[in-house]
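Spelled out from the first residue to the last, the chains are:
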Amino acid sequence: MFLVNFVYDDEELLEPYEWQEDDNFEEFISLPLYHVTYEQLHDFMYGKLCIENVFNDMFIVGDGCYMCVIALKENCIYKRGTLSFETREKLNKRIQKLPVHIFQYRILEEAYEKEFGLTREERMKKLCLEEVIDEIFVVHYDLFVDICHQCHIYEEEASEQYLALKNKIEKGFTSLHQLLYKELVQKR
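Residues numbered from 1 in each chain as written. Predicted model: local features only at pLDDT ≥ 70, side-chain atom pairs only at ≥ 80, totals over all residues. Heavy atoms only, no water.

J.: I would appreciate a short explanation of the state of the cysteines in the present structure.
T.: A covalent bond between the sulfur atoms of two cysteines is what we call a disulfide. Within this structure, the stated rule accounts for one disulfide. Cys65 carries a free sulfur, and the closest cysteine sulfur to it, the one in Cys68, is 14 Å from it. Among the residues examined, Cys65 registers a relative accessible area of 65% and is labelled exposed. A disulfide-free cysteine, Cys148 has its sulfur positioned 6.9 Å from the sulfur of Cys151, the nearest such atom. Look at Cys148 and you get buried, because its relative accessible area is 0%. (Disulfide = S-S within 2.5 Å. Buried < 20%, exposed > 50% of the residue type's maximum accessible area, 1.4 Å probe, protein only.)

Below, the structure is given as structure tokens:
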């Protein structure tokens with residue numbers, strides 16, 4: 001028996017270190033297991049897919065290193081789930097022995113790739129911060145320029161300033177992210 005932590009198709013998969021008591025957990029005795037290519041696994045993890053000729057409405061796809069659980073409704077991905085590290089390790093050994101299965105599907109939309117290593121709270125703060133920066137760039141340009149100067153960004157063109165600021169906050173969650181979040185989001 002193993003535990004799956006599900007999220008809906010428009011949410012990011014949660015790694016075991018991010019799991020919380022109120023998450024959407026389900027227990028399973030077994031699920032069909034498919035070995036897929038890295039590219040197909042990427043599509044399953046980040047795409048809104050409609051899958052053709054599928055016989056199971058719930059299954060596991062993996063490339064031998066990473067895997068996720070897929071739940072379908074009317075042949076489209078409805079939910080995705082992650083497994084504990086221990087379960088993944090056991091299933092990866094089995095999946096590596098399977099032949100690669102090629103699914104036929106259409107990609108309706110694709111989501112941004114998740115930045116691993118951040119906590120759920122850090123990702124939410126970062127997402128909120130990026131949206132606020134987009135808003136102040138368009139609506140409150142003077143504030144945007146002040147922020148850029150505080151971050152030692154002195155590009156001549158507005159678009160270059162915008163890209164330089166976005167580049168500074170692109171990776172990780174640092175004290176700069178925390179400071180900008182506090183100044184731009186919490187004080188609003």
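Still to come is the rest of the account.
J.: How should the nonpolar core be read in this particular structure?
T.: Residues Phe44, Ile51, Phe59, Val61, Ile70 and Phe103 are the most contacted members of the largest nonpolar core, which totals 22 residues. Those elements giving two or more residues to this core turn out to be helix H1 (38-46), strand S4 (47-52), strand S5 (58-62) and strand S6 (67-73). In terms of residue count, the dominant contributor to this core is H1 (four residues). Those residues within four positions of Phe59 in sequence are excluded, and the remaining contacts are Pro32, Tyr34, Phe44, Ile51, Val54, Cys68, Val69, Ile70, Leu72 and Phe103. If you look at the next biggest cluster of nonpolar residues, it comprises 16 residues, including Val132, Ile133, Tyr162 and Leu184. (Core = buried A, V, L, I, M, F, W, Y, C linked by side-chain atoms within 4.5 Å. Helix = DSSP H or I, 4+ residues; strand = E, 2+ residues; numbered from the N terminus. Contact = heavy atoms within 4.5 Å.)

J.: What exactly am I supposed to notice about a negative patch on the surface here?
T.: Side chains of Glu155, Glu156, Glu157 and Glu160 sit close together on the surface and give a patch of like negative charge. Owing to a relative accessible area of 37%, Glu155 belongs among the partly exposed residues under this scheme. (Patch = residues over 30% accessible without salt bridge, like charges linked within 9 Å, V, L, I, M, F, W, Y side chains within 5 Å. Areas by Shrake-Rupley, 256 points an atom, 1.4 Å probe, with all protein chains shown as cover. Salt bridge = Lys/Arg side-chain N within 4 Å of Asp/Glu carboxyl O. Lys, Arg positive; Asp, Glu negative; His and termini not counted. Charge placed at Lys NZ, Arg CZ, Asp CG, Glu CD.)

J.: Please clarify how unusual backbone geometry should be interpreted in this entry.
T.: For residues other than glycine, phi is negative in most cases, and the peptide bonds are mostly trans. The phi dihedral of Glu74 is positive, around 55°, even though this residue is not glycine. Positive phi is not limited to glycine here, since His152 has a value of about 60°. Residue classification places His152 among the exposed residues on the basis of a relative accessible area of 62%.

J.: Explain the layout of surface pockets here, please?
T.: Over the atoms, a rolled probe matching the size of one water molecule traces out where space is still vacant. Empty space within the second largest pocket amounts to approximately 170 Å³. Taken together, Met1, Phe2, Ile29, Ser30, Leu31, Ile60, Thr87, Lys90, Leu91 and Arg94 form the lining of the second largest pocket. Looking at which element gives the most residues to the lining of the second largest pocket, the answer is helix H2 (residues 85-95), with four residues. Looking at the lining of the second largest pocket residue by residue, the class counts come to six nonpolar, two polar and two charged. (1 Å grid on protein atoms, 1.4 Å probe; cavity = no way out; pocket = protein on both sides within 12 Å on 5 of 7 lines; lining within 4 Å. Points joined across faces, edges and corners; volume = space filled by probe spheres on them. Nonpolar A, V, L, I, M, F, W, Y, C, P; charged D, E, K, R; others polar.)

J.: I keep staring at the side chain of Gln40 and nothing clicks. Help me out?
T.: As for its position among the elements, Gln40 is in helix H1. Residue classification places Gln40 among the buried residues on the basis of a relative accessible area of 7%. A polar side-chain atom of Gln40 sits 3.0 Å from the main-chain carbonyl oxygen of Phe103. Look past the residues within four positions of Gln40 in its chain and what remains in contact with it is His101, Ile102, Phe103 and Tyr105. (Polar contact = N/O pair within 3.5 Å; in protein donor to acceptor, adjacent residues only side chain to side chain.)

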